[in-house]
Amino acid sequence: QVQLVESGGGLVQAGGSLRLSCAASGRTFSWYTMGWFRQAPGKEREFVAGINRGAGTTYYDDSVKGRFTISRDNAKNTVYLQMNSLKPEDTAVYYCAADRLGATDPPLRDYDYWGQGTQVTVSS
């Protein structure tokens, strides 16, 4: 079983930046495709960004392209989400997730492990 723990959320003004981290337990982190998702109140959970096992391929939702950057450090079992130029509509609980099969850009339903989430609030 893999445990994922997010950190780095908080309150920031519009235009500001935050860096989220997700630390994973276990020795097979480098095999997993990792993703960041978010869920705003009253809305469904949605994809934000993903990164493949080798960190050579990243993918983003159009709403965050050019503002967010996903990266990973397999030696530290950690995936990051650098969020710049934040907007009030980015306010949500952010979750990291792992796909143990290491697929490329898997759908939400294929992610096997999820963290508890970290709150990001962007004030206008």
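Coordinates for the structure precede this section.
Let me begin by describing the structure that accompanies this report. Note that this is a predicted model, so its numbers are computed, not measured. (Residues numbered from 1 in each chain as written. Predicted model: local features only at pLDDT ≥ 70, side-chain atom pairs only at ≥ 80, totals over all residues. Heavy atoms only, no water.)

## Quick word on the sheet that holds strand β7 (residues 68–73)
We apply this condition: Between any two strands, pairing holds if DSSP finds at least two bridges. Here a strand is any run of E in DSSP of at least two residues, a helix any run of H or I of at least four, and the numbering for each starts at the N terminus. Angles shown run from 0 to 180 degrees and are taken between the N-to-C directions of axes, each axis being a line fitted to C-alpha atoms and, for helices, limited to the stretch in contact.
Within the open sheet, the 4 strands sit side by side as β1-β3-β8-β7. Their pairing is antiparallel. Of all strands in the sheet, those with a lone pairing partner are β1 (4–7) and β7, marking the two edges. Each adjacent strand pair in this sheet contributes to an overall mean axis angle of 15°, direction not counted.

## Regarding the pattern of salt bridges
Selection rule: One speaks of a salt bridge when a side-chain nitrogen belonging to Lys or Arg is within 4 Å of a carboxyl oxygen belonging to Asp or Glu. Buried, partly exposed and exposed residues are distinguished by accessible area as a fraction of the type maximum, computed with a 1.4 Å probe on protein chains only: under 20%, between the cut-offs, and over 50%, respectively.
Here the structure, examined in full by the defined rule, presents 5 salt bridges. Between R38 and E46 there is a salt bridge, with its nearest N and O atoms 2.7 Å apart. You can call R38 buried: its relative accessible area is 6%. Looking at E46, the relative accessible area reads 35%, which means it is partly exposed. Here D90 and R67 are joined by a salt bridge, their closest N and O atoms 2.8 Å apart. With D90 in the loop between β8 (78–83) and β9 (92–99) and R67 in the loop between β6 (58–60) and β7, the pair connects residues that are 23 residues apart, well separated along the chain. The structure contains a network of salt bridges with shared partners spanning R38, E46, R67 and D90.

## Details of the packing of aromatic side chains
Stated precisely, the cut-off is as follows: Each aromatic pair joins two rings of Phe, Tyr and Trp (for Trp, the six-membered one) with centres within 6.5 Å, and gets the label stacked for planes under 30 degrees apart, edge-to-face for over 60, and tilted for any other angle.
A full pass over the atoms with the stated rule returns 6 aromatic pairs. Relative to F47, the ring of F37 has its centre 5.7 Å away and its plane inclined at 75°; by these criteria the two rings are edge-to-face. You can see F37 sitting in strand β4 (residues 33–39) and its partner F47 sitting in strand β5 (residues 46–51), a full 10 residues away along the chain. Centre to centre, the rings of F37 and Y111 are 5.0 Å apart; their planes meet at 80°, and the pair counts as edge-to-face. With F37 in strand β4 and Y111 in the loop between β9 and β10 (113–114), this pair connects stretches of sequence that are 74 residues apart. Neither residue differs from the other here; F37 and Y111 are each classed as buried. Clustering of aromatic rings is evident, with ring pairs tying together F37, F47, Y59, Y111 and W114.

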